[in-house]
Every structure is written in C-alpha cells, then in structure tokens.
Amino acid sequence: MDSSFYDQVFELVRLIPRGRVSSYGAIAKSLGAGGSARMVGYAMRHAGLADVPVPAHRVVNSAGLLTGKFHFDPPERMQELLIQEGLRVENDKVQDFKKYFWNPLEEL
DNA sequence: GGATTGACGTGTC
DNA sequence: AGACACGCCAATC
C-alpha cells in the first residue's frame, strides 16, 4: 500500500476542503518532498485513473494557475468545478488564490 | 538499469 | 512584464 508517492499525494489532496485550493509545492512540502513539487503533479496525472475520486481541480500551481486543466476529460471541467465551489476563476487563473489557499502544513 | 519525463518553483535576462 | 533556464526527484520506458 502507499508504497508509492502517489497515494500520499492522493490522500492529502482528498483532505482539501471544498471551496479551497492548494498548490503542488505546498503538498510536496507537507509530504517531506520539499522541492519535488513536480512529483505531486506527476502523481496527479493518475488522479483521474484512481479508484477514489481525487479533487485534482483544487490543486493548482503557486500562481493559482490551472496548469493541469488540459488533463481533465473536458479541460473546462476544472474551471467549472472551482467556480461551483464558490471560487472565482478567470482566464484559467484562481482569483484571490492566496485567500482561498489551503495550507496542509497549517490546517493539519 | 540508464535515460527520459514531467498537472512545479524560483530566479534571471 | 513576458520569456527562458536550471534544479528536484520519483515513476516510467
């Protein structure tokens, strides 16, 4: 189980509260990966193939940009989901990202 | 088992 | 302000 970096990322992402967003770097840091933020995104690639639904749309880069929206079934899905959760998204970018940012290191 | 690959981050030009 | 370069590190081929 959790032998992979994946599962650790999946679990943490699943803990993200609705209406909140997090960044790859923050997640990686909380896992002790430090600067391996890319690994987080890499794991998220399998998020859509995971058995348990992973709110990957709540995970964006440090700029609040929906970098991985192209990996969703319909790319527009990510932006819509965020908006449905009460967030403001414009031009593939989360507005007030800092305000809605969910820090796993602090919340946990 | 070496080389390639990223849903990133930060710094520099 | 926008574009480019390098670093990190695990998974995949």
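Residues numbered from 1 in each chain as written. Chains lettered and ligands numbered in written order. Predicted model: local features only at pLDDT ≥ 70, side-chain atom pairs only at ≥ 80, totals over all residues.

A short note on the protein's contact with DNA strand B
For step 1, the next point in the chain: Taken together, 18 residues lie around DNA strand B, and Gly41, Met44, Asn61, Thr67 and Gly68 are the ones closest in.
For step 2, the next point in the chain: Considering every element that reaches the surface near DNA strand B, the biggest residue donor is helix 3 (residues 37-44), with six residues.
For step 3, the next point in the chain: Looking at the surface near DNA strand B residue by residue, the classes come out as seven nonpolar, nine polar and two charged. (Near = placed C-beta within 6 Å. Helix = DSSP H or I, 4+ residues; strand = E, 2+ residues; numbered from the N terminus. Nonpolar A, V, L, I, M, F, W, Y, C, P; charged D, E, K, R; others polar.)

Here we look at the environment of Gln84
For step 1, the next point in the chain: Note on placement: Gln84 falls in helix 4 (residues 76-84).
For step 2, the next point in the chain: Among the residues examined, Gln84 registers 11 C-beta atoms within 10 Å and is labelled exposed.
For step 3, the next point in the chain: Separated by 76 residues in sequence, Gln84 and Gln8 place their C-alpha atoms 26 Å apart. (Buried ≥ 20, exposed ≤ 12 C-beta atoms within 10 Å, placed from the backbone.)

A few points about the environment of Asp7
For step 1, the next point in the chain: Following the sequence through the fold, Asp7 ends up in helix 1 (residues 5-14).
For step 2, the next point in the chain: Taking C-alpha positions, Asp7 is 26 Å from Leu87, a pair spaced 80 residues apart along the chain.

Quick notes on the packing of helix 1 against helix 3
For step 1, the next point in the chain: Here helix 1 crosses helix 3 at 85°, and the two axes come no closer than 9 Å. In this view, helix 1 runs roughly perpendicular relative to helix 3, as classed from their interaxial angle. Counted together, Phe5, Tyr6, Val9 and Phe10 of helix 1 and Met39, Val40, Ala43 and Met44 of helix 3 form the full contact between these two elements.
For step 2, the next point in the chain: For the contact of helix 1 with helix 3, a count of residues per class yields eight nonpolar, no polar and no charged. (Axes fitted to C-alpha atoms, helices over the stretch in contact; angles between N-to-C directions. Parallel < 35°, antiparallel > 145°, perpendicular 65-115°, else oblique. Contact = placed C-beta atoms within 7 Å.)

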